[in-house]
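Observations on chain architecture
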Amino acid sequence: MLTALGFASVYIARQSVISSASLSYAAFFLGLYLVAHFVARYAVPYADPYLLPMAALLTAVGLTEIYRINPDDAFKQGIWIIVAVSVFAGTLWGLRRDYRRLESYKYLFGLSAIALLVLPALPVLGTTVNGARLWVHVGSFQFQPGELAKICLIVFLAGYLREKREVLAQGRLKDFGPLLVIWGGAMLVLVETNDLGSALLYFGIFLAMLYVATGRLLFTAIGLALFVAGAAFVYTQVQHVHDRVTIWLHPWTSAPVYCPLTGHTAPRQDCASYQLVKSLYSVANGSWFGTGLGKGTFTTADGKQLIPYLNTDFIYSALAQELGLVGIAALLLVFMLFCARGMKIALIADDGFSKLLAAGLTFGFALQTFIIVGGILRLIPLTGITLPFVSYGGSSVVANFVLLAGLMLVSNRANAPRTS
């Protein structure tokens, strides 16, 4: 209880830096998280007490930065956070008796994951944003089905691998069938969405859960080799993927090159790699201690935004500039602590389905964080994946609160006293 109040107080303090009028807004969210805390204490009294406060802190930091960038988007994000916390509470309440019954519907979850991943490819519903086809647009409502597909995929894999782990561990040639099927699915996602990060996320989750289920490091090595080979092939066949890798390897050019946006020649940093280069400058401008919350430079003198999609794909860059290396390192430590608590839950879980579910949810959270942060820092090619709990986006925040509920359900069962 005190931990939740402490983190919520940090939220109020950060909002107050921007505007005293935001105190009432912060107080509302303090009350929202207190309600979520009480629901969690009643529904899952033995669950890890640190996960919800860490999620509250991350959403508070994200909402504060979104408010600083665009107050209208902050209002929309606030509504989505209310929805997400409500879904979180409903998930805990609905599955508080025994979440393991989800295993009986594993194939339904698998089919749902496939359906959600296919939705953006449909000509009427699918929408291409920044070169990647990840969004579904229905009227004024827009969401990213891949976020929910991730959760469905993890539930399916937890049930399937729990059932087949002994067969898979034998390592016979025919047992590589599921590995090849999932690899093929990841490649189809890559071709369908033009997004290397999404394919890496889904396939990485599968490899991690396969290793937890079988203990065979060879499977992971073969899977990585297959993914690298498949990605290399797609790199040669899909222009958007080729462009993303080129931007990653050569963001700056001294001589003008062809600019697909204008049809003319220009230095790459003024065209295709504009976002990445400006993002790197933003991170570097933060130095050790940052410019101060609310004091970063994100627009030109005439009000034009320097970094497109700043509050979604590049919110890490904004935070790095305003918080500096010390502040952004502290934020990353919160992500690391969340992952550490999640892996601890997987270790203490006493049944195969729970162990795989917790490991899959935690690894998916960790890998998604690495993909977006690594892309911004040029460790890997940049993709359009959101930073969990922090970036602007309704589907992302809802999916991550469902992920949080899953971890707390597993933790509650693992920590509950055993009756003789």
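Residues numbered from 1 in each chain as written. Predicted model: local features only at pLDDT ≥ 70, side-chain atom pairs only at ≥ 80, totals over all residues. Heavy atoms only, no water.

Observations concerning the nonpolar core
Formed by 110 residues in total, the largest nonpolar core has its most connected members in Leu404 and Met408. The biggest single contributor to this core is helix α12 (residues 315-348), with 14 residues. In this structure, Met408 is in contact with Ala40, Arg41, Val44, Ala47, Asp48, Leu51, Leu52, Phe88 and Leu92, ignoring residues within four places of it in sequence. (Core = buried A, V, L, I, M, F, W, Y, C linked by side-chain atoms within 4.5 Å. Buried < 20%, exposed > 50% of the residue type's maximum accessible area, 1.4 Å probe, protein only. Helix = DSSP H or I, 4+ residues; strand = E, 2+ residues; numbered from the N terminus. Contact = heavy atoms within 4.5 Å.)

So, the state of the cysteines
In this structure the tally under the stated criterion is 1 disulfide. One disulfide in the model links Cys259 with Cys271; its S-S distance is 1.8 Å. Between Cys259 and Cys271 the disulfide shows an S-S torsion of about 75°. By sign, it is right-handed. Placement of the pair is Cys259 in the loop between β4 (257-258) and β5 (265-266) and Cys271 in the loop between β5 and α11 (274-285), with a sequence separation of 12 residues. For the pair Cys259 and Cys271, a shared accessibility class is recorded, and that class is buried. (Disulfide = S-S within 2.5 Å.)

What to know about the packing of aromatic side chains
Counting across every chain of the model gives 12 aromatic pairs. For the pair Phe203 and Phe227, a centre-to-centre distance of 5.7 Å together with 15° between the ring planes defines the contact as stacked. Of this pair, Phe203 sits in helix α8 (residues 196-214) while Phe227 sits in helix α9 (residues 217-237); the two residues are 24 residues apart in sequence, bridging distant segments of the chain. You can call Phe203 buried: its relative accessible area is 2%. A residue is classified by how much of its surface remains accessible, and Phe227, at 9% relative accessible area, is buried. Ring plane angle 50° and centroid distance 6.3 Å describe the contact between Trp252 and Tyr281, whose orientation is recorded as tilted. Linking Trp252 in the loop between α10 (239-249) and β4 with Tyr281 in helix α11, this pair joins segments that are 29 residues apart in sequence. The positively charged end of Arg96 is found above the aromatic ring belonging to Trp93, 4.0 Å away from the centroid. The ring of Phe219 has Arg216 sitting right over it, with the charged end atom 5.5 Å from the ring centre. (Phe/Tyr/Trp six-rings, centres within 6.5 Å; stacked < 30°, edge-to-face > 60°. Lys NZ or Arg CZ within 6 Å of the ring centre and 35° of its normal.)

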